[in-house]
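# Chains, contacts and geometry: an overview
If you want the building blocks of each chain, they are given just below.
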Amino acid sequence: MQGHKVKLQSALARRIWFVVGSCKDIPVYSLDWTPEKNRIVSASQDGRLIVWNALTSQKTHAIKLPCAWVMTCAFSPFGHSVACGGLDSVCSIFNLNSPTDKEGNLPLSRMLSGHKGYVSACQYVPDEEGHMITGSGDQTCILWDITTGLRTSVFGGEFQSGHSADVLSVSINASNPKLFVSGSCDTTARLWDTRVASRAQRTFYGHEGDVNTVKFFPDGNRFGTGSDDGTCRLFDIRTGHQLQVYYQPHGDGDIPHVTSIAFSISGRLLFAGYSNGDCYMWDTLLAKVVLNLGSVQNSHEGRISCLGLSADGSALCTGSWDTNLKIWAFGGHRTVI
């Protein structure tokens, strides 16, 4: 394992970082990459979505929002639009190719209204610009037709197999976009089929705290979770079994929450951000920490609130309550992670 760690540390020699916003008191809450890897959208509660050029760290768009209390954001599959949601209980969509108004603001192109609680998560259906899934504090997920602005299906709510507390995260299966998983404050994750909205296909137990983040494994047969209980877990959607637990003991007794996760393209690594500023790179098979990005030079100085891997797997972006976004580049090792 020592050689494994040294190899990955050398791959992290090239790092860049830049600051989101100009106010030291505004944390970064969410981020997403475009498929072509060159742009990132980030959300913080300063009333704007910012689109960044990931190669130069320059802003390409600063989008004024109807509501400043944003919690989630997403890029469309082809990079033409961005979406966000938050405490206003709607999902707002902006077409980046639309002309700006007289004040230089990008107009709102679509507002998806139907949730009865805050919008905690949003994700475009892979390879489609016209459909999106959102998760909400109203305990439901919704599949939307963006073209019409109408709900196609509602998952949970009055159905007994739905979540019994706030939905905090969603992840759509890239191999089979009809399937998605949701994580909730009820300590469970649930698998849904968009063709059968009336019931969850499976419920996954094991966590002892809010499930803050879910993410499908690259093969689409498994998914990972991260929780307030300080653990990440790996589940098999075919059997419903828990395959692995990722937990790093802390001697002070204060267990940091897992806030966000992502898998490397090969699935060899699991990246996990924590409320204490740590960002672990886990070996998914051995459940051993390969490297803690929180312990290297230029690491974050606050809670890691979000993270995401570029489409080609060559770079990881982390967002933090310290107001920074940082891009960690893996150099020539992009094909092995």
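Look up a bit, the structure's there.
This text gives an overview of the structure that appears in the document. (Residues numbered from 1 in each chain as written. Predicted model: local features only at pLDDT ≥ 70, side-chain atom pairs only at ≥ 80, totals over all residues. Heavy atoms only, no water.)

Taken as a whole and assessed by the stated rule, the structure comprises two cavities of 30 Å³ or more. In this model, the largest cavity occupies a volume close to 50 Å³. Together, Leu65, Pro66, Cys67, Trp69, Val70, Cys84, Gly85, Gly86, Asp88 and Ser92 line the largest cavity. By residue number, the principal contributor to the lining of the largest cavity is strand β7 (residues 81-86), which donates three residues. The class makeup of the residues in the lining of the largest cavity is six nonpolar, three polar and one charged. (1 Å grid on protein atoms, 1.4 Å probe; cavity = no way out; pocket = protein on both sides within 12 Å on 5 of 7 lines; lining within 4 Å. Points joined across faces, edges and corners; volume = space filled by probe spheres on them. Helix = DSSP H or I, 4+ residues; strand = E, 2+ residues; numbered from the N terminus. Nonpolar A, V, L, I, M, F, W, Y, C, P; charged D, E, K, R; others polar.)

Of the strand pairs in this sheet, strand β2 (residues 28-33) and strand β3 (residues 39-44) are connected by five bridges, and their pairing is antiparallel. If you follow Asp32 over to β3, its bridge partner there is Val41. Linking β2 back to β3 in an antiparallel pair, the connection comprises five residues, with Lys37 at a positive phi of about 75 degrees. (Pairing = 2+ DSSP bridges.)

As a further point, take the sheet that holds β3. The sheet built from four strands is open, its strands ordered β2-β3-β4-β5 with antiparallel pairing. Where the open sheet ends on each side, the last strands, each with one partner, are β2 and β5 (59-64). Along the sheet, successive strands turn relative to each other by an average axial angle of 20 degrees, direction set aside. Judged from the five bridges that link them, strand β4 (residues 48-53) and β5 form a sheet pairing that is antiparallel. Looking across to β5, one finds that Trp52 is bridged to Lys59. (Axes fitted to C-alpha atoms, helices over the stretch in contact; angles between N-to-C directions.)

A full pass over the atoms with the stated rule returns six salt bridges. For Asp193, the salt bridge identified is with Arg195, shortest N-O distance 2.9 Å. (Salt bridge = Lys/Arg side-chain N within 4 Å of Asp/Glu carboxyl O.)

It is worth spelling out the side chain of Ser76 at this point. Counting through the fold element by element, Ser76 comes out in the loop between β6 (70-75) and β7. Within polar-contact distance, the side chain of Ser76 engages the side chain of Glu129 at 3.0 Å. (Polar contact = N/O pair within 3.5 Å; in protein donor to acceptor, adjacent residues only side chain to side chain.)

Structurally, Asp193 is set in strand β16 (residues 189-193). Among the polar contacts listed, one links the side chain of Asp193 to the backbone nitrogen of Arg195, at a separation of 2.9 Å. Non-local contacts of Asp193, meaning those with residues more than four positions away in its chain, are made with Phe155, Lys178, Leu179 and Gln201. (Contact = heavy atoms within 4.5 Å.)

With that settled, the discussion passes to the pairing of strand β20 (residues 232-236). Regular strands place their side chains on alternate faces of the sheet. Judged by how many residues are buried, β20 sits mostly within the fold: five of five residues are covered. On β20, burial covers both faces: Cys232, Leu234 and Asp236 on one face and Arg233 and Phe235 on the other are all buried. Strand direction decides the pairing type here: strand β19 (residues 222-227) and β20, joined by five bridges, are antiparallel. Within β20, the position partnered with Thr225 by the bridge is Arg233. The turn linking β19 back onto β20 is made up of four residues, and Gly230 within it adopts a positive phi angle of 85 degrees. Inspection of the sheet shows β20 paired to strand β21 (residues 242-246) by four bridges, in the antiparallel sense. What sits directly across from Arg233, in β21, is Val245. In sequence, β20 turns back onto β21 through a hairpin of five residues, with Gly240 there showing a positive phi of about 80 degrees. (Buried < 20%, exposed > 50% of the residue type's maximum accessible area, 1.4 Å probe, protein only.)

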